[in-house]
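# Coordinate analysis (summary)
Now for the letters of each chain:
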Amino acid sequence: MNTKDYVIKVIDKIKTRDNNEPEFIQAVEEVYTSLIPVLEQRPDLIKDNILERLSEPERMIIFKVPWVDDAGNIQVNRGFRVQFNSAIGPYKGGLRFAENVNLSIVKFLAFEQIFKNSLTGLPIGGGKGGSDFSPLNKSDAEIKRFTQSFMLELSRHIGGDIDSPAGDIGVGAREIGYLFGHYKRIKNSYDAAGVTGKSVAISGSILRPEATGYGIAYFAQEVLHEFNEDIKGKTIAVSGFGNVCWGFCKKAAALGAKVVTLSSEHGYIYDPEGVNTEAKLNYLLKMRADINGDLRDYAKEFNCEFFSNEKPWVRKVDLIVPCATQNELNLDDAKAIVNNKVKFVIEGSNMPITKEAMEYLKTHDVIVGPGKAANAGGVSVSALEMSQNVIRYSWTSEEVDQKLAGIMKNIYLSCKQAAQEYGYGYDLVAGANISGFLRVAEAMKIQGDY
Ligand code: NDP
């Protein structure tokens, strides 16, 4: 059997076994098909059955999360933690609290996290978790009760040397604070490295909230430099108005770029002056902290237009940076992007581009910066936070920022080199998959049959 047929066979087996997990299958298919040239040169990895071993999580925990709402009713949600691969370090990856969270979404995120964490060069394995609980429109007391109940079970499975969760959609500093506070009480131990994304007052890293967005901006800058361009002076369309979006807007403004859109599920705003003043950046934080936060308020506050039920990808800009959620950019959006002659799409969110849209962008010479590389700044600073916690020390924001910039540059170079080495030219999506895969595959081989 040739290598391509072998890879198709492995993917088909996963499709049959996990046939109700579309997001997971999409993520596996993208990574595994890009590995064909690698496996052609490395028959030992086929012999060792690395692909099948890598697509089966080491452990999946699904649990009940009962909690009492403000009216005194007992509610119940479902909790997840997928501990996917620990070949290069303890499982590491965020928790997502959103209504649509299910096993497929958590598995795809954990699978992506294996390669992302590998790309950072730091000793962290891949994991992810969450719940179908949304903090939107919940009171602070309800969020506290929910997170405590969630942690009661999760605490049995985590720890600085085992698995270290952090934030993701719906999980910011407030949720992490409640989660860590309860974890500490249950364990009777200040295992600070057991949860990251903590506030500075409880051993967090000073730059963790900004880290994902900053890292995306650094990655975008590397891509632009490749084409003798600079982020300074560029107009940028982004989606979402959450943590990643805010961090990206902040660094883009500092580097002299202009972010002209923000979005939610209900539409987008167009701010031709750019989301670049302290007042606007702080307003993003305020909207996010407010349980009733609505993007239309930004439009009113800063006198710009809100386009109901539309996406920002119709805008003629220099750069597009999705920062909201998976599959948020589809084939029609890709066609609009090509039509508008936008040359660069840098993925801020995880797997934001559908399979069809990705193919369309690539075949129309749009450069795509893959999320598993571009948004790896968040987990990198989480890993730095773990290091600080273990040595009971803290670095300044300048020190963290400098380390982050260095990590992002190395990630970029490793994607570029891997793509070139395996015949993909400047396909950074393939390069990220290959580079991330090789480090994990070697570590799995060294550790025998697991
Ligand atoms: P947040 O919850 O802080 O923000 C998500 C934002 O996206 C919110 O403004 C939300 O609006 C908006 N949104 C949700 N669904 C849609 C949609 N269908 N269309 C447009 N906007 C939408 O999450 P994060 O910023 O933390 O995460 C964003 C993405 O980045 C996710 O894919 C996450 O996995 C990824 N990521 C996050 C990291 C981190 O450090 N936080 C690290 C690496 C990746 P609303 O609140 O109104 O729903």
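Look up a bit, the structure's there.
A short tour of the structure in this document, coming up. Along each chain, residues carry numbers from 1 onward, in the same order as the chain's sequence is written. Predicted model: local features are reported for residues with pLDDT of at least 70 only, side-chain atom pairs are reported and counted for 80 or more only, and whole-chain, interface and lining totals are derived from all residues. Hydrogens and water are ignored here; the side-chain numbers use all heavy atoms of the structure.

### Some details on the sheet that holds strand E6 (residues 235-238)
Consider a sheet: its strands pair through backbone hydrogen bonds, and that pairing is either parallel or antiparallel. For clarity, the cut-off: If DSSP finds at least two bridges between two strands, the strands pair. By the criteria applied, helices consist of DSSP H or I runs no shorter than four residues and strands consist of E runs no shorter than two, each listed in order from the N terminus.
Taken in spatial order, the 5 strands make up an open sheet running E7-E6-E11-E12-E13, and their pairing is parallel. Two strands bound the open sheet, and with one partner strand each, they are strand E7 (258-259) and strand E13 (367-369). In the sheet, strand E11 (residues 319-321) pairs with strand E12 (residues 344-346) via 2 bridges, with the strands oriented parallel. Bridge assignment links Leu319 to a residue of E12, and that residue is Phe344.

### What to know about the site of the ligand
As a reminder of what qualifies: One heavy atom suffices: a residue is near a molecule or strand as soon as one of its heavy atoms comes within 4 Å of it. Whenever two N or O atoms come within 3.5 Å, that pair is a polar contact, provided that in protein one can donate a hydrogen and the other can accept it, and provided that, for residues adjacent in sequence, both atoms are side-chain atoms. Accessibility throughout is a Shrake-Rupley quantity obtained with a 1.4 Å probe, and a residue counts as covered only by protein chains that appear here.
As a matter of local geometry, the ligand sits amid 23 residues, with Asp168, Thr212, Asn243, Arg288 and Asn350 nearest to it. The contact in question runs from an oxygen atom of the ligand to an N or O atom on the backbone of Phe241, over 2.9 Å. Expressed as a share of its isolated accessible area of 900 Å², the protein-covered part of the ligand is 85%. Contributions of two or more residues to the shell around the ligand are made by helix H9 (208-226), helix H10 (243-254) and strand E8 (261-264).

### Quick look at the environment of Arg315
Note the following rule: Whether two residues are in contact is decided by their heavy atoms, any of which lying within 4.5 Å being enough.
Positionally, Arg315 belongs in the loop between strand E10 (305-308) and E11. Setting aside chain neighbours within four positions, we find Arg315 in contact with Thr261, Tyr268, Tyr270, Phe307, Asn340 and Val342.

### Considering the packing of aromatic side chains
This is how the line gets drawn: Between 30 and 60 degrees the pair is tilted, below 30 it is stacked and above 60 it is edge-to-face, where a pair is any two Phe, Tyr or Trp rings, Trp via its six-membered ring, whose centres lie within 6.5 Å. Burial classes follow relative accessibility: with a 1.4 Å probe on protein chains only, a residue under 20% of its type's maximum area counts as buried, one over 50% as exposed, and anything between as partly exposed. Lysine NZ or arginine CZ positioned within 6 Å of the ring centre and within 35 degrees of the ring normal marks a charge as sitting over the ring.
This structure, assessed with the given rule, holds 22 aromatic pairs. Relative to Phe146, the ring of Trp67 has its centre 6.3 Å away and its plane inclined at 85°; by these criteria the two rings are edge-to-face. Separated by 79 residues along the polypeptide, Trp67 in strand E1 (residues 59-68) and Phe146 in helix H7 (residues 140-154) bring together distant segments of the chain. When the centroid spacing of 3.8 Å and the interplanar angle of 5° are considered together, the rings of Phe133 and Phe146 count as stacked. Residue Phe133 is found in the loop between strand E4 (125-131) and H7, and its partner Phe146 is found in helix H7; the two are separated by 13 residues along the sequence. In this structure, Phe133 and Phe146 share a single accessibility class: buried. Taken together through their ring pairs, the aromatic side chains of Phe63, Trp67, Phe97, Phe133, Phe146 and Phe150 make up a single cluster. In this structure, Lys107 packs its charged tip against the face of Phe24, placed 4.2 Å from the ring centre. Taking the ring centre of Tyr214 as reference, the NZ or CZ of Lys251 above it sits at 4.4 Å.

### Some points on helix H14 (residues 355-363)
Our working rule: The arc in question is formed by the directions pointing from the helix axis toward the C-beta atoms.
What H14 keeps buried is the set Ala357, Met358 and Leu361. The buried residues of H14 occupy an angular sector of 100° when projected down its axis, which confines them to one face. Elements in contact with the buried residues of H14: helix H2 (22-34), helix H13 (331-339), E12, E13 and helix H18 (428-446). A positive backbone phi angle near 60° is found at Asp365, which sits one or two residues after H14.

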